[in-house]
Amino acid sequence: MKKYFDARSIAVVSVTFILFAIALFTQGMTHDILLEAGVLLISIKLIMMAYKTAFFYENIIQELKKINDSLNKET
């Protein structure tokens, strides 16, 4: 799991969550808290997309290696 989540991704989610919690306690349940929640969700969504991309990239690399190996065996 660590090979998909780098330190920057974890830091972004952590900082965003901390700022969200601070905004929740300082502003209370106001309209601005919806903006903070949106920023938190967007950060999490971007990191989920990066994870999914890394996972598919790894699968594509494995498939290309198999194809390359099978082509090298034939020649």
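All of the points below concern the structure found in this document. (Residues numbered from 1 in each chain as written. Predicted model: local features only at pLDDT ≥ 70, side-chain atom pairs only at ≥ 80, totals over all residues. Heavy atoms only, no water.)

### With respect to the overall build of the protein chain
Then step 1. Secondary structure summary: the protein chain contains two helices and zero strands in total.
Then step 2. Buried positions account for 12% of the 75 residues belonging to the protein chain.
Then step 3. For the protein chain, the accessible surface area stands at approximately 6,400 Å², while carbon and sulfur atoms represent 70% of it. (Helix = DSSP H or I, 4+ residues; strand = E, 2+ residues; numbered from the N terminus. Buried < 20%, exposed > 50% of the residue type's maximum accessible area, 1.4 Å probe, protein only. Areas by Shrake-Rupley, 256 points an atom, 1.4 Å probe, with all protein chains shown as cover.)

### Some details on the pattern of salt bridges
Then step 1. As enumerated under the stated definition, the model contains one salt bridge in all.
Then step 2. For the salt bridge of Lys 66 with Glu 63, the shortest nitrogen-to-oxygen distance reads 3.8 Å. With Lys 66 and Glu 63 both in helix α2 (residues 31-74) and three residues apart, this pair spans about one turn of that helix.
Then step 3. Judged by relative accessible area, which is 54%, Lys 66 ranks as exposed. (Salt bridge = Lys/Arg side-chain N within 4 Å of Asp/Glu carboxyl O.)

### Focus: the environment of Val 15
Then step 1. Tracing the sequence through the fold places Val 15 in helix α1 (residues 7-27).
Then step 2. For Val 15, a relative accessible area of 48% puts it in the partly exposed group.
Then step 3. Separated by 25 residues in the primary sequence, Val 15 and Leu 40 place their C-alpha atoms 9.5 Å from one another.

### Quick word on α1
Then step 1. Its 21 residues place the ends of α1 30 Å apart at the C-alpha level, agreeing with the 30 Å of an ideal helix rising 1.5 Å per residue.
Then step 2. Following α1 by one or two positions, Gly 28 has its phi on the positive side, about 75°. (Expected span 1.5 Å × (residues − 1).)

### Regarding a nonpolar patch on the surface
Then step 1. On the surface, Val 15, Ile 18, Leu 19 and Ile 22 cluster together into a nonpolar patch covering about 370 Å² of accessible area.
Then step 2. Looking at the secondary structure, you find Ile 18 in helix α1. (Patch = residues over 30% accessible without salt bridge, like charges linked within 9 Å, V, L, I, M, F, W, Y side chains within 5 Å.)

It is worth stressing that arrangement in space is one thing and function is another; only the former is reported here.
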